[in-house]
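# Chain and residue survey
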Amino acid sequence: MSAKALFGRRYMLSASHRLHSDALSAEANRAMYGKCNNPHGHGHNYVVEVLVGGAVDPETGMVVDMAALDAVVGAGVIDRFDHNNLNLDPLFANRVPTTENLCRVVFDLLRDALPTGRLECVRVEETENNFFECYG
Amino acid sequence: MIFLTRRATFSASHYYWNDAWTPEKNEQVFGRCSNRNGHGHNYTLEVTVAGVPDPVTGFVVDLKWLRDAIEREVLSAWDHRHLNIEVPEFAQTVPTTENIAIAAWKRLEHAVAAAGGAKLSRVRIYETPEIFAEYRGEI
């Protein structure tokens, strides 16, 4: 039986967003989100960390082929959000683009798209001082 | 239960090659990593042990002991070495990040168990800051 291991890969994407909930008044939005509610938006260099678990293929020594993983994450996540405004993406039409929600969205985009292995965790770092993890 | 992690770095060279395959297939699957002249990385090894802090010392394990165990069991054999050529566990096994994590675990497991008090919980190895693998034993 092959050993089970985890393979992790970190990607970067730069995007803008504005935290604003249509369910709240303008005043409540300002109170809730503070500077993040600036109508003109602001941006971050996000780090997206993808953790894939599975059996180590005895022939390749790999849980997942990194080039294949890069292609999936690149096409499905990075190309979609990098240098874009998260609020304008249809996936955020009805949810605030907090990093919690971005983390969930990225997990859902990748869950069934991996070349091999199982998606164990998506971690999104918004800045050096805050990060979010989704385990499914 | 407390999880305690000690980090260490080492530098080594390697290449990816499966002797059962043709050179063409090795190049196709492993890309630039299949260059038989090898290439190298600055690896970061994170060793996590789990246990209950000793009521007298407050330690799960003595970090100095863990540092020395990592040095003795892993770094002395791997640092500034060619993994394929000089490290026995990679004579027949491709030294991918996944397999390096497993090999580090096997080198450390008994030393941690023999010391008593804590169990090896997790070994994570970074090949670059963006690429890593983790092994948690047979789970």
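Higher on the page you've got the structure.
Residues numbered from 1 in each chain as written. Chains lettered and ligands numbered in written order. Predicted model: local features only at pLDDT ≥ 70, side-chain atom pairs only at ≥ 80, totals over all residues.

Moving on, we come to the overall build of chain B. The number of helices and strands found in chain B is four helices and five strands. N-terminal to C-terminal, the α/β element order of chain B is β-α-β-α-β-α-α-β-β. If you line up chain B on its principal axes, its C-alpha atoms span 60 × 30 × 25 Å. Expressed as a percentage of its 139 residues, the buried residues of chain B come to 32%. The contacts in chain B between residues at least 6 apart in sequence include a share of 69% that link residues at least 24 apart. (Helix = DSSP H or I, 4+ residues; strand = E, 2+ residues; numbered from the N terminus. Buried ≥ 20, exposed ≤ 12 C-beta atoms within 10 Å, placed from the backbone. Contact = placed C-beta atoms within 7 Å.)

A few words on the pairing of strand β1 (residues 2-14) of chain B. Residue and element names in this part refer to chain B. The pairing of β1 with strand β2 (residues 39-51) spans 13 bridges and is classified as antiparallel. Directly across from Ser13, in β2, lies its bridge partner Gly40. Note: β1 against strand β3 (residues 81-82), two bridges, orientation parallel. Looking across to β3, one finds that Ser13 is bridged to His82. (Pairing = 2+ DSSP bridges.)

To continue, consider the environment of B:His80. Residues and elements named next belong to chain B. The residue His80 is located in the loop between α2 (63-78) and β3 in this model. Along the backbone, His80 and Thr97 are 17 residues apart, and their C-alpha atoms lie at a distance of 17 Å. In this structure His80 touches Ser11 and Ala12, once residues within four positions along its chain are discounted.

Moving on: the interface of chain B and chain A. How big an interface is tends to be stated in terms of the accessible area lost upon association of its parts. In this assembly, 19 residues from chain B lie in contact with 16 residues from chain A. Every element with two or more residues in the side of chain B that touches chain A is listed here: α4 (97-115) and β5 (131-135) of chain B. Classifying every residue of the side of chain B that touches chain A gives ten nonpolar, six polar and three charged. Here strand β1 (residues 4-17) of chain A pairs with β5(B) via four bridges, running antiparallel. Along β5(B), the bridge assignment pairs A:Phe7 with B:Ala133. (Nonpolar A, V, L, I, M, F, W, Y, C, P; charged D, E, K, R; others polar.)

Once that is clear, we can look at the nonpolar core. Ranked by internal contacts, the top residues of the largest apolar core, which has 59 residues, are A:Ala5, A:Val52, B:Ala101, B:Ala104, B:Leu108 and B:Ile125. Counting residues per element, this core draws most heavily on α4(B), at eight residues. (Core = buried A, V, L, I, M, F, W, Y, C linked by C-beta atoms within 7 Å.)

Attention now goes to α4(B). Along its 19 residues, α4(B) runs 27 Å from first to last C-alpha, staying within 8% of the 27 Å computed at 1.5 Å per residue. A maximum bend of about 35° is found in α4(B) at B:Leu108. Those residues of α4(B) hidden inside the fold are in contact with β1 of chain A together with β2, α2, β4 (118-128) and β5 of chain B. Backbone geometry just downstream of α4(B) places B:Gly116 in the positive-phi region, at approximately 75°. (Expected span 1.5 Å × (residues − 1). Bend = angle between axes of the 7 residues up to and from the residue.)

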